[in-house]
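As a plain string of letters, each chain reads:
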Amino acid sequence: MIIQSIGLLIEFKDGRVKKANFGMATAARGENRHLIALVVDASAAEAKASLEAYGVARIINICTGKQGWDPAIQSAAVVAAFEQFEITNLIGLTSPAGRELLPRIAARLDAPLIMDCTEIDLDGHRVKTSQYSGKTIATIALTGRHFIYGIRANVVTPKKAPTEADIIEFAFEENRGTGYQVLETRSDGNGAQYLAESDIIISGGRGLKSGENFKMLFECAREMNASVGASRVAVDNGWVPYAMQVGQTGVKVNPKVYIAVGISGSVQHFAGMKTAKMIIAINSDANAAIMANCDYYAVGDLFEILPELKKQLDEHRQG
Ligand SMILES: Cc1cc2nc3c(=O)[nH]c(=O)nc-3n(C[C@H](O)[C@H](O)[C@H](O)COP(=O)(O)OP(=O)(O)OC[C@H]3O[C@@H](n4cnc5c(N)ncnc54)[C@H](O)[C@@H]3O)c2cc1C
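Residues numbered from 1 in each chain as written. Predicted model: local features only at pLDDT ≥ 70, side-chain atom pairs only at ≥ 80, totals over all residues. Heavy atoms only, no water.

Trainee: Give me the lowdown on empty space enclosed by the protein, citing residues and values where you can.
Mentor: Applying the stated rule across the entire model yields 1 cavity of 30 Å³ or more. Of the pockets and cavities examined, the largest cavity occupies roughly 40 Å³. Considering the residues around the largest cavity, the lining is formed by Ala-20, Gly-23, Met-24, Leu-93, Ile-151, Arg-152, Ala-153, Asn-154, Val-155 and Val-156. Sorting elements by how many residues they give to the lining of the largest cavity places helix H1 (residues 20-28) first, with 3 residues. Of the residues that constitute the lining of the largest cavity, the class distribution is 7 nonpolar, 2 polar and 1 charged. (1 Å grid on protein atoms, 1.4 Å probe; cavity = no way out; pocket = protein on both sides within 12 Å on 5 of 7 lines; lining within 4 Å. Points joined across faces, edges and corners; volume = space filled by probe spheres on them. Helix = DSSP H or I, 4+ residues; strand = E, 2+ residues; numbered from the N terminus. Nonpolar A, V, L, I, M, F, W, Y, C, P; charged D, E, K, R; others polar.)

Listed below in structure tokens is the structure:
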């Protein structure tokens with residue numbers, strides 16, 4: 001019986017393992033599989049208990065000795081660990097960090113890479129991913145010695161499968177020049193959760209009329225532990241940053257609940273959120289496209305509905 005070693009590229013937020021990694025571990029589990037978490041320049045000890053709960057049997061604590069984010073060095077370190085521990089498959093998140101690291105790792109290993117997978121068959125080396133604004137689902141077969149996958153956050157519901165993991169320290173000292181130097185990394189300052197990893201998203205569109213009015217969405221989001229997204233119109237108008245754009249040319253999200261406020265529901269917007277488990281629309285136009293494609297809607301002026309929603313959320317919180 002051949003045991004496959006499946007590497008999981010672990011991401012952290014505020015020192016804790018991101019929840020989306022647990023869905024990733026759940027997707028990777030199976031008979032004859034040995035799950036190896038790759039923790040780069042972060043604390044494996046902190047991550048141990050949470051990763052063990054989802055079936056991770058080994059944690060490789062990779063230390064590059066570098067301060068801060070350096071995808072060139074970190075990807076080289078992951079490849080070194082990959083070879084040393086005979087890992088055959090690597091799964092990471094299709095997140096901003098994953099988009100920086102996974103292609104570099106695949107290039108170094110000369111391995112096939114598919115990002116934004118919605119299903120992964122690790123035995124058959126086949127994945128599913130949506131194409132053409134979600135109109136078709138492609139099944140792609142990979143060939144090679146190593147396989148790299150970027151999974152869409154939240155496509156697999158995390159299920160626990162407790163085990164015990166050992167931690168192996170792995171120092172990567174071969175810091176060859178990378179041809180460039182990261183001079184500065186700036187945060188956007190709001191510390192927001194990456195949209196694709198949120199369980200609840202409330203998004204605003206042209207109906208919001210200004211960036212200032214997005215404050216109403218942020219206030220409701222705080223009450224619901226939600227993230228705030230936007231349509232492309234809101235981004236193109238400069239009301240909110242591009243990182244908040246949901247859709248064909250923005251982030252693809254898969255939350256439990258998606259609330260679209262003052263958004264008409266264009267095909268390009270739908271391409272990014274139609275897999276949400278529940279879609280709720282707030283729109284003054286009962287004939288807007290989104291009304292026919294959602295689970296619940298409220299027809300009315302968002303400037304009346306949002307303050308009422310905020311009031312109700314406040315009351316709910318206060319019990
Ligand atoms: C190649 C390409 C890629 C694109 N990619 C994306 C993408 O990634 N994401 C994206 O979102 N779009 C994308 N678009 C743009 C897309 O086609 C639409 O133009 C856009 O989604 C519309 O945004 P909206 O719904 O905010 O605005 P609108 O379509 O103008 O809708 C505004 C809605 O607000 C409602 N409204 C107005 N006032 C109120 C009020 N007071 N109360 C309640 N409701 C109100 C209106 O009834 C209307 O339904 C793309 C387009 C192209 C061509």
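So that's the structure; there's more coming.
Trainee: So what about the side chain of Ser-203? Which residues, and what values?
Mentor: Within the fold, Ser-203 resides in strand E12 (residues 200-204). A residue is classified by how much of its surface remains accessible, and Ser-203, at 0% relative accessible area, is buried. Here the side chain of Ser-203 touches Tyr-258 through a polar contact of 2.8 Å, side chain to side chain. For Ser-203, the contacting residues outside a window of four places in its chain are Leu-217, Gly-229, Ala-230, Val-246, Tyr-258, Ile-259, Ala-260, Val-261 and Ile-263. (Buried < 20%, exposed > 50% of the residue type's maximum accessible area, 1.4 Å probe, protein only. Polar contact = N/O pair within 3.5 Å; in protein donor to acceptor, adjacent residues only side chain to side chain. Contact = heavy atoms within 4.5 Å.)

Trainee: I'd like a description of the sheet that holds strand E1 (residues 4-9), backed by residues and values.
Mentor: Strand order across the open sheet formed by 9 strands is E9-E8-E7-E10-E6-E1-E4-E5-E11, with mixed pairing between neighbours. Every interior strand has two partners, whereas the edge strands, strand E9 (136-141) and strand E11 (166-171), have only one. Within the sheet, the average angular offset between the axes of one strand and its neighbour, ignoring direction, is 35°. Here strand E8 (residues 126-131) pairs with E9 via 6 bridges, running antiparallel. (Pairing = 2+ DSSP bridges. Axes fitted to C-alpha atoms, helices over the stretch in contact; angles between N-to-C directions.)

The values are spatial; any link to function lies outside them.
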